[in-house]
Amino acid sequence: MNEEKTLTPVITIGLNIKDQHFDYSMAELNNLAVANNMQVVESLVQKTDHKDAATYFGKGKVAELAAALADDGVETVVVNDELSPSQIRNLEKQTSSKIIDRTGLILEIFANRARTHEAKLQVQLAKLQYQLPRLHTSASQRLDQQTGAGGGGFTSRGAGESQYELNRRTIQDKISHIKHELKQIQKSDQTQRKQRETNQIPTIALVGYTNAGKSTIMNQLLTRFGDENKQVMVKNMLFATLDTNVRRLVFPDNKKLLASDTVGFVSKLPHQLVSAFRSTLAEAANADLLVQVVDFSDADRQLMMDTTEQTLKEIGVPEIPMITIMNKADLTDSRYPFREGNNLIMSATDDQSIDALVELIKETVFKNYVTQDLLIPFKDGQVVSELNEQATVLNTEYLDDGTKLTVEMPADDLKRFNQYVLE
Ligand SMILES: Nc1nc2c(ncn2[C@@H]2O[C@H](COP(=O)(O)OP(=O)(O)OP(=O)(O)O)[C@@H](O)[C@H]2O)c(=O)[nH]1
Ligand SMILES: [Mg+2]
């Protein structure tokens, strides 16, 4: 990307209360800031055993922050945790800067990335829910601008109780309006999903940490087994994908799959976003197989896997079989493709890896498939076409009393064709 961007200089700051993963979460915060067009000028840390109720950081650290801001000529601070509204206000007052907490930062990134109507509504809903308890008499107008909630409606005519009440009600109205609109959209999603379920095509969902390579893998599968014109967006940035994209794959043996590519996760994903994106992620909850994609070249991959599993639980994804893909092996010294049970070390850039991945997926998804000879009398010709369409037909023979098909399909589906079974 060559486009010129004005970067906002920021200081990041975190509180380390005996957190063994603190360095990782600080490094991630800095990456999130970069993803939001910020330039991290300085990063401060306070090691302590408690949070300050009023300012989150202790007095000394707040003074140090104020001095650093003045020295660096920086006016924005990004904090590594979600703060209470009053902590944000107090810190802003004492440091004369704009304070953005981790939740606010992630919400901003999502807002900048959302493309489809549904994603935009979901982000807006999350933002409003974040904003509501943070509304504060005179600060309400400013906070609205700061978190960039869409749509106008707020006037800056004085502060005061009535303005506060008005703002509060406006936000609540917007929330219920968006919820209603999302429900409508989601109803049609559900209908589509039902439709697919009745079509009996198994579904896999690519899940995992942001930037792990989910969309890249999806595109490789599409190039080989799907409609190449329906590629999804791949970018080397956090949260490139915010919408669930479902694509159809057909393998050479006529076995079909629906693959969905979903939004990536990050540690401490704001609960407002998780709940707003629940329906987008419902695609994962309804899958027959989860394909967890991990960036194998990242030293913190275990933490990323833990986060993914936690987030899936939070969304309410039930116990769905999962395979784990250690992607980006080309950036490591590891041999690939290399399979170990239900895990695969691979690289999305390598054809043999994609073959191994498809093999692993097929073994898992189609494991209930059985092979059976059927004899279909000529008068039931439509059954032959139906089977050619839906099943894997391994062999076709025309006999005197009908068409003999050797088919491969789920044992459950085969029951419908019991009358044609050749013993
Ligand atoms: N070297 C290498 N790079 C890869 C591989 N797979 C993906 N990438 C790169 O990693 C970056 C992120 O890939 P995406 O496919 O967009 O990642 P994602 O998991 O969809 O990310 P989100 O949509 O943000 O959740 C891109 O720059 C890809 O080109 C791989 O196997 N090897
Ligand atoms: Mg993606």
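Residues numbered from 1 in each chain as written. Chains lettered and ligands numbered in written order. Predicted model: local features only at pLDDT ≥ 70, side-chain atom pairs only at ≥ 80, totals over all residues. Heavy atoms only, no water.

Asks: Explain the overall build of the protein to me, using residue names and the numbers behind them.
Replies: Each helix and strand in the protein was counted, giving 14 helices and 14 strands. Along the first, second and third principal axes, the C-alpha atoms of the protein reach 90 × 55 × 40 Å. Within the protein, buried positions represent 51% of all 423 residues. A sequence separation of at least 24 residues applies to 67% of the contacts in the protein between residues at least 6 apart. (Helix = DSSP H or I, 4+ residues; strand = E, 2+ residues; numbered from the N terminus. Buried < 20%, exposed > 50% of the residue type's maximum accessible area, 1.4 Å probe, protein only. Contact = heavy atoms within 4.5 Å.)

Asks: Can you tell me about helix α11 (residues 301–315), naming the residues and giving the values?
Replies: Each full turn of the α-helix corresponds to 3.6 residues, which orients residues three or four apart in the same direction. Between its first and last C-alpha, α11 extends 21 Å over 15 residues, near the 21 Å set by a 1.5 Å rise per residue. For α11, the complete set of buried residues consists of Leu303, Met304, Met305, Thr307, Thr308, Thr311, Leu312 and Ile315. One or two residues past the end of α11 sits Gly316, with phi positive at roughly 90°. (Expected span 1.5 Å × (residues − 1).)

Asks: Mind laying out the environment of Ala285, listing which residues take part and the relevant values?
Replies: Its place among the elements puts Ala285 in helix α10 (residues 278–285). Classification of Ala285 by relative accessible area gives partly exposed; the value is 22%. Note: C-alpha distance between Ala285 and Leu312 (27 residues apart in sequence) is 8.4 Å. Those residues in contact with Ala285 that sit more than four places away from it in its chain are Val317, Pro318 and Ile320.

Asks: Help me get a handle on the site of ligand 1, residues and values and all.
Replies: The full set close to ligand 1 counts 23 residues, and Thr210, Lys214, Thr216, Thr241 and Asp330 are the nearest of them. Separating an oxygen atom of ligand 1 from a side-chain N or O atom of Thr216 is a distance of 2.6 Å. Side-chain polar atom of Lys328 to an oxygen atom of ligand 1: 3.1 Å apart, as the coordinates give it. Starting from 660 Å² of accessible surface for ligand 1 in isolation, the protein chains cover 88%. If you tally residues by element for the shell around ligand 1, the top one is helix α8 (residues 214–225), at 3 residues. Here the residues of the shell around ligand 1 sort into 8 nonpolar, 11 polar and 4 charged. (Near = heavy atom within 4 Å. Polar contact = N/O pair within 3.5 Å; in protein donor to acceptor, adjacent residues only side chain to side chain. Areas by Shrake-Rupley, 256 points an atom, 1.4 Å probe, with all protein chains shown as cover. Nonpolar A, V, L, I, M, F, W, Y, C, P; charged D, E, K, R; others polar.)

Asks: Help me get a handle on the pattern of salt bridges, residues and values and all.
Replies: This model, assessed by the stated rule, comprises 16 salt bridges. Among the ionic pairs, Glu82 bridges to Arg134, the shortest N-O distance being 3.3 Å. Of the two residues, Glu82 is situated in the loop between β3 (76–79) and α3 (85–95) and Arg134 in the loop between α5 (117–131) and α6 (140–147); the sequence distance between them amounts to 52 residues. Judged by its relative accessible area of 35%, Glu82 falls in the partly exposed class. A salt bridge links Glu363 to Arg339, with the nearest nitrogen and oxygen atoms 2.7 Å apart. Of this pair, Glu363 sits in helix α12 (residues 351–365) while Arg339 sits in strand β10 (residues 338–340), placing them 24 residues apart in sequence. (Salt bridge = Lys/Arg side-chain N within 4 Å of Asp/Glu carboxyl O.)

Asks: Kindly report on the sheet that holds strand β13 (residues 392–399), identifying the contributing residues and their values.
Replies: Reading across from one edge, β12-β14-β13 is the order of the 3 strands in this open sheet, with antiparallel pairing throughout. The sheet terminates laterally at β12 (369–376) and β13, the two strands that pair on one side only. Adjacent strand axes in the sheet meet at a mean angle of 15° when their direction is disregarded. Two elements, β12 and strand β14 (residues 402–410), share 8 bridges in a ladder whose sense is antiparallel. Looking at the pairing, Ile376 lines up with Thr403 of β14. Across the sheet, helix α13 (residues 381–390) touches β12, β13 and β14, and the angle it forms with β14 is around 35°. (Pairing = 2+ DSSP bridges. Axes fitted to C-alpha atoms, helices over the stretch in contact; angles between N-to-C directions.)

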